[in-house]
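# Chain and residue survey
Spelled out from the first residue to the last, the chains are:
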Amino acid sequence: MSTDDPTTDDVTAEGAAVDATSEAPDDEPILSVEDVNVHYKPGGIVTRALTDKKVRAVDGVSFDLYDNDIVVLVGESGCGKTTLGKTAIGLEKPTDGSIKYRGQDIWESKENPRDAEMEFTEIRRAMQIIHQDPANALNSSRRVKAILSDPLQKYRTELGPKEREDTIYRFLEFVDMMPPEDYAERYPHQLSGGEKQRVALGRALLMNPDVILADEAISALDVSLRVGMMDLILDLQDTFDTSYIFISHDLANARYLAKRAGGRIAIMYLGEIVEIGPPEEILQNPTHPYTKVLKWSTPTVDPDLAKQRIQEDPPVREVDVPDPEDPPSGCKFHTRCPEAREVCTQESPDLFDTAGESDAACFRSLESHEYWNSAELADADEDEYDAQESAGFGD
Amino acid sequence: MAIGQPNQSTEEETTEEDDPADDIVMSVDDARVQFGMSRGQAWVLNDVSLDVRREEILAVVGESGSGKSMFAAALMDAVEDPGHLSGDVTYYPREEESDDAPSADQIGSYDTVGDDSVDVLDMTDSELKNFRWEEVSMVFQGAMNSFNPTMKIKGHFHETIQAHNAVLEERMEHVRDLFEALHLDPDRVMNSYPHELSGGMKQRALIALALVLEPEVLVMDEPTAALDLLMQRSIISMLRELRDEFELTIVFITHDLPLVAGLSDRIGVMYAFEFIEVGNTRSLLKDAAHPYTRALLRSVPSIDSNIDEMQPIEGARPDPVNIPTGCSFHPRCPVADDRCEIEDPDLVSVDDDHSAACFYTDQARNELEYTLDHGVTED
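These notes cover the structure that comes with them. Just so we're clear, the structure is a prediction, and the values are computed from it rather than from any experiment. (Residues numbered from 1 in each chain as written. Chains lettered and ligands numbered in written order. Predicted model: local features only at pLDDT ≥ 70, side-chain atom pairs only at ≥ 80, totals over all residues. Heavy atoms only, no water.)

Check the secondary structure of chain A and you find 17 helices and 12 strands. With 395 residues in all, chain A has 57% of them scored as buried. Taking the intrachain contacts of chain A between residues at least 6 apart in sequence as the baseline, contacts between residues at least 24 apart amount to 65%. With an accessible surface of roughly 16,400 Å², chain A has 45% of that area assigned to carbon and sulfur atoms. (Helix = DSSP H or I, 4+ residues; strand = E, 2+ residues; numbered from the N terminus. Buried < 20%, exposed > 50% of the residue type's maximum accessible area, 1.4 Å probe, protein only. Contact = heavy atoms within 4.5 Å. Areas by Shrake-Rupley, 256 points an atom, 1.4 Å probe, with all protein chains shown as cover.)

The next subject is unusual backbone geometry. Here the amide bond leading from methionine 178 of chain A into proline 179 of chain A is cis, since omega sits at -10°, within 30 degrees of zero. Residue placement: proline 179 of chain A occurs in the loop between helix H8 (161-174) and helix H9 (180-184). Between aspartate 81 of chain B and proline 82 of chain B the backbone carries a cis peptide bond, its omega angle lying at 5°. Topologically, proline 82 of chain B is positioned in the loop between helix H2 (68-75) and strand S4 (84-91). Even without glycine at this site, aspartate 241 of chain A takes up a positive phi of about 60°. Mapped onto the secondary structure, aspartate 241 of chain A falls in the loop between helix H11 (223-240) and strand S8 (243-248).

This paragraph deals with the sheet that holds strand S5 (residues 104-105) of chain A. Residue and element names in this part refer to chain A. Within the open sheet, the 4 strands sit side by side as S2-S1-S4-S5. Their pairing is antiparallel. Only two strands of the sheet have a single partner each, and these edge strands are strand S2 (55-65) and S5. In this structure, strand S4 (residues 96-101) lies alongside S5, joined through 2 bridges in antiparallel fashion. Bridged to tyrosine 101 within S5 is glutamine 104. Against the sheet, helix H3 (residues 81-88) makes contact with strand S1 (31-40), S2 and S4, and its axis sits at roughly 125° relative to S1, the strand it touches most. (Pairing = 2+ DSSP bridges. Axes fitted to C-alpha atoms, helices over the stretch in contact; angles between N-to-C directions.)

This brings us to the interface of chain B and chain A. Size of an interface, as often reported, equals the accessible area lost when the parts are brought together. Chain B puts 50 residues into the contact, and the matching count from chain A is 46 residues. Buried area between chain B and chain A, summed over both chains or domains, comes out near 4,500 Å², and the portion from carbon and sulfur atoms is 61%. Summed over the three residues of chain B that lose the most area to chain A, namely Leu230, Arg233 and Ile303 of chain B, the buried surface amounts to 18% of that side. Viewed at the interface, chain A and chain B are joined by 3 salt bridges. Its salt-bridge partner being aspartate 304 of chain A, residue arginine 282 of chain B comes within 2.5 Å of it at the nearest N-O pair. Residue contributions to the side of chain B that touches chain A peak at 9 residues, all from helix H8 (residues 229-246) of chain B. When its residues are assigned to classes, the side of chain B that touches chain A shows 22 nonpolar, 14 polar and 14 charged. (Buried area = accessible area lost by both parts, 1.4 Å probe. Salt bridge = Lys/Arg side-chain N within 4 Å of Asp/Glu carboxyl O. Nonpolar A, V, L, I, M, F, W, Y, C, P; charged D, E, K, R; others polar.)

Quick look at the layout of surface pockets now. Residues and elements named next belong to chain B. Space inside the second largest pocket adds up to approximately 590 Å³. Taken together, 25 residues make up the lining of the second largest pocket; nearest its centre are Met76, Trp133, Met138, Val139 and Phe140. Elements represented by at least two residues in the lining of the second largest pocket include exactly H2, helix H3 (125-134), strand S6 (136-139), helix H4 (153-163) and helix H7 (199-210). Class assignment of the residues belonging to the lining of the second largest pocket gives a composition of 15 nonpolar, 6 polar and 4 charged. (1 Å grid on protein atoms, 1.4 Å probe; cavity = no way out; pocket = protein on both sides within 12 Å on 5 of 7 lines; lining within 4 Å. Points joined across faces, edges and corners; volume = space filled by probe spheres on them.)

A few words now on the packing of H7 of chain B against H8 of chain B. All names here are of chain B. Where H7 contacts H8, the two axes come as close as 11 Å, and the packing angle between them is 20°. In terms of axis orientation, H7 runs roughly parallel to H8. Judged by the twist between their axes, the crossing of H7 over H8 is right-handed. Each of Gly200, Gln203, Arg204 and Ile207 in H7 lies in contact with H8, whose residues at this interface are Met231, Ile235, Met238 and Leu242. The residue makeup of the contact of H7 with H8, split by class, is 5 nonpolar, 2 polar and 1 charged. (Parallel < 35°, antiparallel > 145°, perpendicular 65-115°, else oblique. Left-handed = near helix turned anticlockwise from the far one by under 90°.)

Residue and element names in this part refer to chain A. The grouping of Asp27, Glu28, Asp67, Asp176, Asp235, Asp238 and Asp241 at the surface amounts to a negative patch. Mapped onto the elements, aspartate 27 comes out in the loop between helix H1 (9-20) and S1. On the basis of relative accessible area, aspartate 27 is assigned to the partly exposed category, the value being 32%. (Patch = residues over 30% accessible without salt bridge, like charges linked within 9 Å, V, L, I, M, F, W, Y side chains within 5 Å. Lys, Arg positive; Asp, Glu negative; His and termini not counted. Charge placed at Lys NZ, Arg CZ, Asp CG, Glu CD.)

Let us look at the side chain of threonine 249 of chain B. All names here are of chain B. By the element assignment, threonine 249 lies in strand S8 (residues 249-254). Side-chain polar atoms of threonine 249 contact the backbone nitrogen of glutamate 55, separated by 2.8 Å. Beyond its immediate sequence surroundings of up to four residues, threonine 249 is in contact with Val25, Val52, Arg53, Arg54, Glu55, Glu56, Glu216, Val217 and Leu218. (Polar contact = N/O pair within 3.5 Å; in protein donor to acceptor, adjacent residues only side chain to side chain.)

Here we take up the nonpolar core. Leu201 of chain A together with Met26, Phe71 and Phe157 of chain B are the most contacted members of the largest nonpolar core, which has 190 residues in total. In contact with leucine 201 of chain A, not counting residues within four places along its chain, are Ile130, Val175, Met229, Leu232, Ile233, Leu236 and Tyr244 of chain A. Counting residues in hydrophobic clusters, the runner-up holds 33 residues, among them Val71, Ile123, Ala266 and Leu351 of chain A. (Core = buried A, V, L, I, M, F, W, Y, C linked by side-chain atoms within 4.5 Å.)

Attention now moves to the sheet that holds strand S2 (residues 40-53) of chain B. Paired through backbone hydrogen bonds, the strands of a sheet run either parallel or antiparallel to each other. All names here are of chain B. The antiparallel open sheet is built from 4 strands, whose spatial order is S2-S1-S4-S5. The sheet is open, and its two edges are formed by S2 and strand S5 (118-119), each paired on a single side. Sheet analysis places strand S1 (residues 24-37) next to S2, joined by 10 bridges and oriented antiparallel. Within the sheet, the bridge partner assigned to isoleucine 24 lies in S2 and is arginine 53. Packed onto the sheet, H2 meets S1, S2 and S4 and runs at close to 65° relative to S2.

This is how it looks when you write it as structure tokens:
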């Protein structure tokens, strides 16, 4: 772990892992994301040349992924969760920071293959992705068999046609597509949405990956199928020893996956992880005000509770997310945070250990911090709260 | 043109006799939609009967391919070719006792007979055109992308108002009220092009557009599906306020059961192109009677429920060309027996204002257990 500035990131990321999972603390992470930035220049080619404006899609994020681990990235659209996921598995190059796969910096291995212990193609094989929309992820003019034999032909050249076929059948059985001989001959349009997603999962697993990035992999499925798909993912995790980075906008699904797998939930806001920890801690005892907002926004099925909640005002001062091209100074959440004080507008909090098992990027998790003596924001007092809140809807 | 008195003899009515819910705004009787496919006739709405009560929020919940969007289309006679809709859809305008009833001056655009009821499926094209904006209006999923990108939001409102020969100033005054209820800044939004607004703002502007001619009924098909959670929650809260302020009836179509738990007054659950359970929200969610509804509640991940109880529904959803005989859920149902394979159960009352189409509701309630609130999020 080497970063130039000794932020608490390294410490906390490790600490979180210890708290959150049963991993031994000295376990080597298979994937470690260290202080990663992904910045984009907005606009067309001319604007880009003329401006030094940047969209900080991912801004100084660190986390570790262990063997058989699950990290669920949760956040609103535009919070950078997909960019972070893609960067973590080496599909996108970070503008700053490093991604290490089993200790090997993956971009080093691409740029200086001679010095690298592992080939870049080997690292790429070890990290696979499942996309959100299974209908577009499969070539509609090819049979399932052809779709699944591509990766085998590329990476497992030692297999003959017969062995390849057997392998395909075996993997179709793994993803519950019985009888495999029948499904192998079908085209994607002859499969249901759930079946397509299982083919996509099977295709990823064929590469025998260590890490799978599942980008909203269950969002396109019917509600009644989601639990089934998540169960399948969890079962296969045991069989294949795969770790997952799971991206979701839905805390309920995140909770299910992370809880069943003993993983962690990481809440993202404007390119930063603002809270990370085990699911029950995140849901029952959220520390970061933004986590509370997400929890408030997740609908409950209990009609009494839901009726009562619908009358409540949202625990934010503004409903809309600020422009990511021009993020607020200090803590990025301070413009919407009901707890924000003066200091939050100037200073940006790191991930701190909280009283509970999670880490949160909020000064409120520190017992003695300038925050507690800092002046409340002018518009945060009760009278103006309502006006602010309703005006906020219109912004 | 109009059919007779509100049909008191349908199953829906009998189950709701003891309820003060006689003020019906729309009733659907034996609505059936068929598509001719190369494999045979596909039934995508299977003899559906349901009444929509005035000023209620009715949630129609079902998975994809359960016929819920087809039900919405049937309400407005908007089933597209080659689909064929048969049955009856009747609309009952508000009675004209109060002078300022908004519908009073708009009813004249098509025939009204005696009891004021209107047969929607019998309308001519021009009557339908007026009916669809002035009496029943619709907001579609992802409809926020249906704004013309080269036209300011204001232009969309003007166009709609003028196409319906309404008084521009009066309507725009109404729009200001709507914008206020939807927490939109009228001046800023009106003068913006669609790309200048966020998804949530566009969707809210679209809801305002749908309400510009003061319809009685607003049909919404997954109106919040493409939005972020917080915006979704905010719009849900606003819809309740809108209903109260503008005396609206809202039909809310969704696959997301938790979304409507706090919003709706009643829920109708669709499976295999028909309603298999209809009831007031509290009773239906707390003590669902139909095995499908119970299985659905067990399969929906929520932040409150007990994770160990969650399980997917076994089996595959039915094929519209080949709907199972008898009860359409029987191949997947844990309590089904021989009778369910032959006989199709009707909706029968199981509780106050709560009916289910199942012979074995007691067994279903015993065998499929679920807990709604596991105490996880009790603050």
